[in-house]
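# Structural overview for review
The chain contents come next:
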Amino acid sequence: MYIDRATGHHQCHHHLGASILERVKKALEADIKPGERIGIALSGGKDSTVLLYLLHTLCSERKDIELLALTVDEGIDGYREHSLVAAREVTRRFDIAHHVITFEQITGSSLDQLVSGREERSCTICGVLRRKALQKLARDHGVTVLATGHCLNDEAQTILMNCFRGDLPHLLRTTESTNVYIPRIKPLQMVSEKEITLYAMGEGIYIDLPECPYAYHALRTEVRTMLDHLELVSPGTMERILTFQARVAASSSGIMREIPLIPCDRCGEPCISGRCRSCTFLESP
Amino acid sequence: MVRVYLPDENVRDMGQDPIRIEDLLHKLGINPVEVIVARNGELTPESEITLGEDVIRVYRISHGG
Ligand SMILES: [Zn+2]
């Protein structure tokens, strides 16, 4: 049993599952065309595992859509091996093709080696490289759309963080140029972390992995605590933040100048300044 | 006695009086949005009221993945 705080309704596991499936289905209908090859970014943790499970359930009726799972192995000793095992098991169980790319393959070094001595920047560096690795892996396997397991909490936090940083391009997502990057979708963005966890537990697919040893999310941690409190005293806050962002982005579309992208002079990856962020990290000591 | 097992492995005895799980969490300084609660081994909404010999287990929702 679960209580939906926004409506005050109690839901049994069956109804929670149906409600989540409905939201994911709606997201897919808007974003997925026939013939699509969906690459699921699978870390092996609970969110991406639930995403894989739901897409597998929904797409088993749609023969015109192909699913494959993509995992980035950053090279984090004592942490990534566990989630890799979980990712392998779940893809085997659902008979979904699974491809892995390592940081070593794209940079020559593991994350552990790359951030040694600058651990406080590890999440930023990892995020930039992970995005690059995922795009490469997706391109290599003919993926037409990338699905990530970001949930309602993640998305609401990111929107507020962009506000607090005064980062308008990221807030309005004018940086996501779809003619250079494989488009990304977030089918779980209207599903809360609590719903995902309860659903995974009820379906017997819950995976509790240790937190990443490089969890230097100073601002995100602050924003998370604040948002969780607001969600408690004013249920529906996170959903309203997403609705607000979508409205602002829609009404400003065409007004904000799209930032032109040029190839990185070192690796060819599209970027703003002629040197992409991952090459910048790799070159700086 | 209602016995509560916390995410950090600590155990707290919360007395005999019936109390809503939500209020119990509040007393313990835990935001219900951030945890999942099981009563006597079954997942339960925080609107439920505890009874004398209940065993409550609080799981912290892990981030990411
Ligand atoms: Zn580059």
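Structure shown above.
Rules and cut-offs
Residues numbered from 1 in each chain as written. Chains lettered and ligands numbered in written order. Predicted model: local features only at pLDDT ≥ 70, side-chain atom pairs only at ≥ 80, totals over all residues. Heavy atoms only, no water. Helix = DSSP H or I, 4+ residues; strand = E, 2+ residues; numbered from the N terminus. Rg over C-alpha atoms; globule rule 2.2 N^0.38 Å. Buried < 20%, exposed > 50% of the residue type's maximum accessible area, 1.4 Å probe, protein only. Contact = heavy atoms within 4.5 Å. Lys, Arg positive; Asp, Glu negative; His and termini not counted. Charge placed at Lys NZ, Arg CZ, Asp CG, Glu CD. Pairing = 2+ DSSP bridges. Axes fitted to C-alpha atoms, helices over the stretch in contact; angles between N-to-C directions. Buried area = accessible area lost by both parts, 1.4 Å probe. Salt bridge = Lys/Arg side-chain N within 4 Å of Asp/Glu carboxyl O. Nonpolar A, V, L, I, M, F, W, Y, C, P; charged D, E, K, R; others polar. Expected span 1.5 Å × (residues − 1).

### Quick notes on the overall build of chain A
Along the backbone of chain A there are 12 helices and nine strands. What you see for chain A is a C-alpha radius of gyration of 19 Å, in line with the 19 Å of a compact globule of 285 residues. Considering only C-alpha atoms, chain A reaches an extent of 55 × 45 × 40 Å along its principal axes. The proportion of buried residues among the 285 residues of chain A is 46%. Relative to all contacts within chain A whose residues are 6 or more apart in sequence, the contacts with residues 24 or more apart total 76%. When the 33 positive and 37 negative side-chain charges of chain A are each reduced to one mean point, those points stand 4 Å apart.

### Observations regarding helix α9 (residues 193-203) of chain A
Counting buried positions along α9 of chain A yields eight of 11 residues, so the element is predominantly enclosed. Restricting attention to buried positions, one finds in α9 of chain A the residues Glu193, Lys194, Glu195, Ile196, Thr197, Leu198, Tyr199 and Ala200 of chain A. Residues of α9 of chain A that are buried in the fold lie against β1 (2-4), α1 (13-31), α2 (46-59) and α7 (152-165) of chain A together with β3 (35-39) and β4 (42-43) of chain B. One or two residues past the end of α9 of chain A sits Gly204 of chain A, with phi positive at roughly 70°.

### Some thoughts on the sheet that holds strand β4 (residues 66-73) of chain A
Residue and element names in this part refer to chain A. Ordered by their spatial adjacency, five strands build an open sheet running β5-β4-β3-β6-β7, and the pairing between neighbours is parallel. Of all the strands in the sheet, the pair left with one neighbour each is β5 (97-102) and β7 (184-185). Helix α6 (residues 122-140) rests against β3 (37-41), β4, β5, β6 (145-147) and β7 of the sheet, and its axis sits at about 145° to β4.

### A look at the environment of Asp64 of chain A
All names here are of chain A. With respect to the secondary-structure elements, Asp64 resides in the loop between α2 and β4. Each C-alpha atom, one on Asp64 and one on His15, is 28 Å from the other, the two residues being 49 residues apart in sequence. Residue contacts for Asp64: discarding those within four places in its chain leaves Pro34, Gly35 and Glu36.

### Considering the interface of chain B and chain A
Contacts between the two partners involve 17 residues from chain B, matched on the other side by 25 residues from chain A. Here chain B and chain A share an interface that buries about 1,800 Å² over both sides, 55% of which is from carbon and sulfur atoms. Counting every contact that joins chain B to chain A gives one salt bridge. For Lys194 of chain A, the salt bridge identified is with Glu46 of chain B, shortest N-O distance 2.9 Å. Of the residues that constitute the side of chain B that touches chain A, the class distribution is seven nonpolar, seven polar and three charged.

### Some thoughts on α6 of chain A
Residues and elements named next belong to chain A. In a regular helix each residue adds 1.5 Å, so 19 residues correspond to 27 Å; α6 covers 26 Å between its end C-alpha atoms and thus fits that length. What α6 keeps buried is the set Ser122, Ile125, Cys126, Val128, Leu129, Lys132, Ala133, Leu134, Gln135, Leu137 and Ala138. Positive backbone phi, approximately 65°, marks Gly142, located one or two places after α6.

### What about the pairing of β3 of chain B?
All names here are of chain B. The buried count for β3 comes to five of five residues, which makes it a mostly enclosed element. Residues Val35, Val37 and Arg39 point to one face of β3 and Ile36 and Ala38 to the other, with burial holding for every one of them. Taken together, the five bridges between β3 and strand β5 (residues 55-60) define a ladder with antiparallel strand orientation. Paired with Val37 across the bridge in β5 is Val58. Looking at chain direction, β3 and β4 are connected through two bridges and run antiparallel. Within the sheet, the bridge partner assigned to Ala38 lies in β4 and is Leu43.

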